[in-house]
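# Structure at a glance
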Amino acid sequence: MGVDKSGQRVRQMFGQIAWRYDFLNHLLSLGMDYRWRQIAVCRAPPMPGLPILDICTGTADLALAYWRASRAAAPVVGVDFCRLMLLEAWQKTKRFGAKGLRLIEADATALPFPSNLFQIVSVAFGLRNIQQPEKALREMVRVCRGGGRVVILEFSLPQPSLVRRVYAWYFRWILPRIGQALAPNQWNAYYYLPISVEEFPPEHYWTERMKAAGLAQIYVEPLTFGIATLYLGQKPF
């Protein structure tokens with residue numbers, strides 16, 4: 001039996017750690033998460049005027065990265081089903097003066113948008129938390145316009161054996177203890193994290209799912225020895 005990813009559990013879990021989410025993300029990734037988002041935006045750069053959607057936006061880090069990359073010339077929408085995470089995102093966008101960035105409470109598997117709308121549909125470190133990730137992927141493709149890009153940034157397991165052993169030790173034994181100490185929560189969110197990554201299907205599975213969902217020109221790039229992986233696909237016209 002895999003880790004519980006029911007909507008209620010995931011929503012409550014992230015709600016309890018929302019106030020510490022950004023701090024712990026940057027601390028536990030040793031700041032690499034900034035670089036991973038920058039790479040994602042560089043590989044799928046925005047065009048001015050056309051809207052962008054970021055699902056499972058959390059505290060809106062990737063949504064803000066796209067807003068900055070477009071120089072506020074492209075409307076950006078961030079969607080998440082956890083209201084407390086969106087509250088943190090709203091406070092952050094207000095600090096940065098990101099007036100062109102809208103935040104909407106919605107489920108990634110039932111997006112409240114018409115088809116063929118967004119030039120870029122992205123998700124960062126959220127797909128593995130969805131109970132039906134393939135359904136969310138199909139929704140991402142549906143709302144993406146012809147010629148647009150689907151961008152998936154997700155944790156993965158390093159391939160080099162030495163790096164994998166060191167990372168596994170840190171990921172399973174050190175990271176959860178630090179996370180739980182700094183953001184105490186009844187759902188053990190930082191013990192959930194390594195389990196959810198280990199259970200997430202490998203690269204070849206997602207490239208096949210992306211093709212099955214209707215994407216072409218699939219591009220995969222391991223980041224930082226494969227600690228994270230970037231997936232890109234284009235929706236045909």
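## Describing helix 4 (residues 61–69)
- For helix 4, a buried count of 7 out of 9 residues is recorded, marking the element as mostly surrounded by other parts of the structure.
- Among the residues making up helix 4, those that are buried are Asp-61, Leu-62, Ala-63, Leu-64, Ala-65, Tyr-66 and Trp-67.
- Following helix 4 by one or two positions, Arg-71 has its phi on the positive side, about 55°.

## Comments concerning the pairing of strand 2 (residues 76–80)
- Buried residues dominate strand 2, accounting for 5 of its 5 residues.
- Neither face of strand 2 is open: one carries Val-76, Gly-78 and Asp-80, the other Val-77 and Val-79, and all of them are buried.
- Across 3 bridges, strand 1 (residues 52–55) lies against strand 2 in parallel orientation. Within strand 2, the position partnered with Leu-53 by the bridge is Val-77.
- For the crossover from strand 1 across helix 4 to strand 2, the handedness is right-handed.
- Summarising the sheet, strand 2 and strand 3 (residues 101–105) pair through 5 bridges and their orientation is parallel. By the bridge assignment, Val-79 is partnered in strand 3 with Ile-104.
- Since strand 2 and strand 3 lie parallel, the crossover through helix 5 (residues 83–96) that links them has a hand, and here it is right-handed.

## Digging into the packing of aromatic side chains
- Tallied over the entire structure, the rule returns 8 aromatic pairs.
- Here Phe-14 and Tyr-21 contribute two aromatic rings whose centre-to-centre distance is 6.1 Å and whose plane-to-plane angle is 65°, an arrangement assigned as edge-to-face.
- According to the relative accessible area criterion, Phe-14 is buried, its value standing at 14%.
- Ring centres 6.0 Å apart and planes at 55° place the aromatic pair Trp-36 and Phe-125 in the tilted group. Highlighted residues: Trp-36 in helix 3 (residues 32–43) and Phe-125 in the loop between strand 4 (118–124) and helix 6 (133–143), separated in sequence by 89 residues. Of the two residues, Trp-36 and Phe-125, both sit in the buried class.
- Over the ring of Phe-96 we find Arg-68, and its NZ or CZ is 4.8 Å from the ring centre.

Rules and cut-offs
Residues numbered from 1 in each chain as written. Predicted model: local features only at pLDDT ≥ 70, side-chain atom pairs only at ≥ 80, totals over all residues. Heavy atoms only, no water. Buried < 20%, exposed > 50% of the residue type's maximum accessible area, 1.4 Å probe, protein only. Helix = DSSP H or I, 4+ residues; strand = E, 2+ residues; numbered from the N terminus. Pairing = 2+ DSSP bridges. Right-handed = clockwise from strand over helix to strand, strands pointing away. Phe/Tyr/Trp six-rings, centres within 6.5 Å; stacked < 30°, edge-to-face > 60°. Lys NZ or Arg CZ within 6 Å of the ring centre and 35° of its normal.

Don't take any of this as a statement about function, it's just geometry.
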